[in-house]
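Secondary and tertiary structure notes
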Amino acid sequence: MTSKNTAQISTRLLLALWDLGGTQQEVKKGQLTKRIVSKSQKVADYQGSFEELQNQGAIAISKKGYSLTSGKGLEVLRDGLRSGEFKFEGTIVGTWAANALVKWISQIDVAVVSADVPVNGKGAIASYDEFKSVALEVYDKLNYEYNFNNLVPIYRIRRGIGDRVSRTEFNDWLLETQADDILQLQGGSVEDSAPDKIEDSVATELDGLRCYATRLKP
């Protein structure tokens, strides 16, 4: 398989993972492979691409599924779609691919966020007040779209903000929203106890692990 074909496969894989909500939740292996593996292909044909993307830090792989990193993964996907070499093989393009591209185009201003280089005016978060505003916006969006009933997983908030803020600043500022009675951070564990999701939650010496946030102020 040529490097060009490998790049196209990787881009198609990332697009499918993004469309399935891979930046917000882990996508089951069968769900992803059902979408990307055609009748003339085998899952093994994608093994090299999975490994390469994992080594790049674009995706995370667990025993149950895959997730797309909100920073590096989206950058690799963006670069792949813009490369000029990406195209769909054959004469028929799956409906999912066409719809995913339409969604990508409509959300391109918010899909890729870099910590260092502003994208359409959205660069690194420089202050607590700015973080508070962005965090509440992400919280409200997740709570509405996924019907979390005001109990939003912290790892999803972190991934929703992405690389616009460092991990340390996210932890400190999120705890500050609790001190200001804006968000209440609650314990428990994530739905599948996935190590990466727990790592993307918040832990303190006094309160221990906090995996969920509830908004206290409108």
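This structure is a prediction, so every number in the text was calculated from the model and none was measured.

Further remarks concern the packing of aromatic side chains. Counted by the stated rule, this structure contains 4 aromatic pairs. Each ring, one from Phe131 and one from Phe170, has its centre 5.7 Å from the other, and the planes form 85°; the classification is edge-to-face. Taken together, the residues Phe131 in helix α6 (residues 128–146) and Phe170 in helix α8 (residues 167–179) connect sequence positions 39 residues apart. Using a relative accessible area of 0% as the deciding quantity, one classes Phe131 as buried. Ring plane angle 45° and centroid distance 5.6 Å describe the contact between Phe131 and Trp173, whose orientation is recorded as tilted.

With that settled, consider the nonpolar core. Residues Leu32, Ile36, Phe50 and Ile59 are the most contacted members of the largest nonpolar core, which totals 26 residues. Listing elements by their share of this core, those giving two or more residues are α1 (3–19), α2 (29–36), α3 (47–56), β3 (65–68), α4 (72–82) and α5 (95–111). Here this core gets 7 residues from one element, more than from any other, and that element is α1. In this view, Leu32 contacts Leu13, Ala16, Leu17, Leu20, Val27, Phe50 and Tyr66; residues no more than four positions away in its chain are not counted. By size, the runner-up hydrophobic cluster in this structure holds 23 residues, among which are Val134, Val138, Tyr139 and Ala213.

The end-to-end C-alpha distance of α8, which contains 13 residues, comes to 19 Å, matching closely the 18 Å that a straight helix rising 1.5 Å per residue would cover. For α8, the set of buried residues is Phe170, Trp173, Leu174 and Thr177. Seen from one end, α8 has its buried residues packed into an arc of 105°, which puts them on one side. Looking at α8, the residues exposed on the side facing more than 90 degrees away from the buried face are Thr168 and Ala179. Check the buried side of α8 and you find it contacts α6, α7 (154–161), β5 (183–186) and β6 (202–204). Positioned one or two residues after α8, Asp181 has a phi angle of 60°, which is positive.

The tally for this structure, following the rule as stated, stands at 10 salt bridges. The salt bridge partner of Arg78 is Asp79, with a shortest N-O separation of 3.4 Å. Close ionic contact of Asp129 with Lys132 constitutes a salt bridge, the shortest N to O distance being 3.7 Å. Here Asp129 pairs with Lys132, and both are found in helix α6, just 3 residues apart, close to one helical turn.

Each value, and the rule that gives it
Residues numbered from 1 in each chain as written. Predicted model: local features only at pLDDT ≥ 70, side-chain atom pairs only at ≥ 80, totals over all residues. Heavy atoms only, no water. Phe/Tyr/Trp six-rings, centres within 6.5 Å; stacked < 30°, edge-to-face > 60°. Helix = DSSP H or I, 4+ residues; strand = E, 2+ residues; numbered from the N terminus. Buried < 20%, exposed > 50% of the residue type's maximum accessible area, 1.4 Å probe, protein only. Core = buried A, V, L, I, M, F, W, Y, C linked by side-chain atoms within 4.5 Å. Contact = heavy atoms within 4.5 Å. Expected span 1.5 Å × (residues − 1). Arc of directions from axis to C-beta. Salt bridge = Lys/Arg side-chain N within 4 Å of Asp/Glu carboxyl O.

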